[in-house]
Amino acid sequence: MLYRKRFDLLRVYILSGCILLFPCVTKGQNVQIHYDTGNALYREHKGRPLLTTTVEMFKPDRWGNTFFFVDMDYRSEGIAAAYWEFARELQLGKSDFAIHAEYNGGIPYVKNAFLAGATYTYQNVGFTRGFTFTPMYKYIQKLDSPHQFQLTGTWYMYFNAKKFSFTGFADWWREPGDCGDFVFLAEPQGWVHLNCFKGIDERFNLCIGGEIEVSYDFAEKDGLFLIPTLGVKWEFE
């Protein structure tokens, strides 16, 4: 559950034009709370924290955009783990390409990682769907073989006058370890945007939904796991 990255703010890096045109579904900052079912579904995840909070921010400017998020996992005695990412993109003129730089890190078992690459972004004319693709060089500090790579894809889709959204990301990277040389992580999310329904104040920025964490050889867990969550999200103006 830790490492919830990128979308829904959305790490698909929604362009500034989309943010300005559709404020009812694309806020610059949000806070999420997720109830995790991994502890109940898999014996390999016994003791996995039940709650995760995520704070995200996406800020476009004339040169590109800045994104970060912070995840915290909670047990009854307090915070069990924390993870954060910070990314900066510099737009290449008026093209669909941007230079990408990123940092990943966390506790208790996440090594510092520094990434650099390029992002391609596609969005349709109505800004109701789009995707990004980012190939990156990845330097993982204190790893025996620190020079690695990562491929990241993100997507978003809105339905029924922006009342519903389907968003997410997928990461595939090389990080030799006990479970193998490659790691896969994806987190598709589905949200109901309450402020887009008739009769609800447009400033009531609460969303309900959740995600499915799809992982393979991730976080020292060998094999494939599919872990649903139930979540709520508040989007700030």
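Our structure's up above, just so we're on the same page.
The following refers to the structure shown.

Conventions and cut-offs
Residues numbered from 1 in each chain as written. Predicted model: local features only at pLDDT ≥ 70, side-chain atom pairs only at ≥ 80, totals over all residues. Heavy atoms only, no water. Helix = DSSP H or I, 4+ residues; strand = E, 2+ residues; numbered from the N terminus. Buried < 20%, exposed > 50% of the residue type's maximum accessible area, 1.4 Å probe, protein only. Contact = heavy atoms within 4.5 Å. Phe/Tyr/Trp six-rings, centres within 6.5 Å; stacked < 30°, edge-to-face > 60°. Patch = residues over 30% accessible without salt bridge, like charges linked within 9 Å, V, L, I, M, F, W, Y side chains within 5 Å. Areas by Shrake-Rupley, 256 points an atom, 1.4 Å probe, with all protein chains shown as cover. Salt bridge = Lys/Arg side-chain N within 4 Å of Asp/Glu carboxyl O. Polar contact = N/O pair within 3.5 Å; in protein donor to acceptor, adjacent residues only side chain to side chain. Pairing = 2+ DSSP bridges. 1 Å grid on protein atoms, 1.4 Å probe; cavity = no way out; pocket = protein on both sides within 12 Å on 5 of 7 lines; lining within 4 Å. Points joined across faces, edges and corners; volume = space filled by probe spheres on them. Nonpolar A, V, L, I, M, F, W, Y, C, P; charged D, E, K, R; others polar.

## Thoughts on the overall build of the protein
When you go through the protein residue by residue, the secondary structure sums to two helices and 13 strands. Taken over 237 residues, the protein has a buried fraction of 46%. Here the analysis covers contacts within the protein between residues at least 6 apart in sequence; of these, 52% occur between residues at least 24 apart.

## A few points about the environment of W234
Within the element layout of this structure, W234 appears in strand β13 (residues 221–236). In the structure, W234 is positioned 203 residues away from V31 in sequence and 5.4 Å away in space, judged by C-alpha atoms.

## Thoughts on unusual backbone geometry
Residue P108 is reached from I107 by a cis peptide bond, and omega for that bond is 10 degrees. Inspection of the secondary structure assignment puts P108 in the loop between β5 (97–107) and β6 (113–123).

## Here we look at the packing of aromatic side chains
For the structure on display, the rule yields 17 aromatic pairs. Taking 6.3 Å as the distance between ring centres and 55 degrees as the angle between the ring planes, the aromatic pair formed by F149 and F182 counts as tilted. Remark: F182 occurs in strand β10 (residues 180–186) and F149 occurs in strand β8 (residues 147–159); sequence separation between them is 33 residues. A residue is classified by how much of its surface remains accessible, and F149, at 28% relative accessible area, is partly exposed. What makes F182 partly exposed here is its relative accessible area of 34%. Consider the rings of W155 and F166, whose centres lie 5.9 Å apart with planes at 45 degrees: the pair is tilted.

## Quick word on a nonpolar patch on the surface
The grouping of I33, Y35, L50, L51, I208, L230 and V232 at the surface amounts to a nonpolar patch, some 590 Å² of accessible area in total. Mapped onto the nonpolar patch, the elements with two or more residues apiece are β1 (29–36) and β13. Its location among the elements puts V232 in strand β13.

## Things to note about the side chain of N30
Within the secondary structure, N30 is located in strand β1. You can call N30 buried: its relative accessible area is 2%. One polar contact links N30 to Q32, side chain to side chain, over a distance of 3.2 Å.

## Here's the deal with the pattern of salt bridges
Counted by the stated rule, this structure contains six salt bridges. Put simply, R174 and D181 hold a salt bridge, and the shortest N to O gap is 4.0 Å. Taking relative accessible area as the criterion, D181 reaches 37% and is therefore assigned partly exposed. As a salt-bridge pair, K233 and E235 come within 3.2 Å of each other at their nearest N and O atoms.

## Regarding the pairing of β10
Sheet topology places strand β9 (residues 164–177) next to β10; six bridges connect them, and they run antiparallel. For R174, the partnering residue across the bridge sits in β10 and is F182. Taking the residues that link successive antiparallel strands as the turn, the β9-β10 hairpin has two residues.

## Notes on the layout of surface pockets
In this model, the largest pocket occupies a volume close to 540 Å³. Surrounding the largest pocket, 25 residues form its lining, Y109, E175, V183, A219 and E220 being those nearest its centre. Residue assignment for the lining of the largest pocket shows that the elements contributing at least two residues are β7 (129–140), β9, β10 and β12 (206–218). Among the elements that take part in the lining of the largest pocket, β9 stands out by supplying four residues, more than any other. Across the lining of the largest pocket, the residue classes tally to 14 nonpolar, four polar and seven charged.

## Brief notes about the environment of L230
For L230, the position within the fold is in strand β13. Measuring from C-alpha to C-alpha, the distance between L230 and I212 comes to 9.1 Å, with 18 residues separating the pair along the chain. In this view, L230 contacts I33, H34, Y35, G209 and G210; residues no more than four positions away in its chain are not counted.

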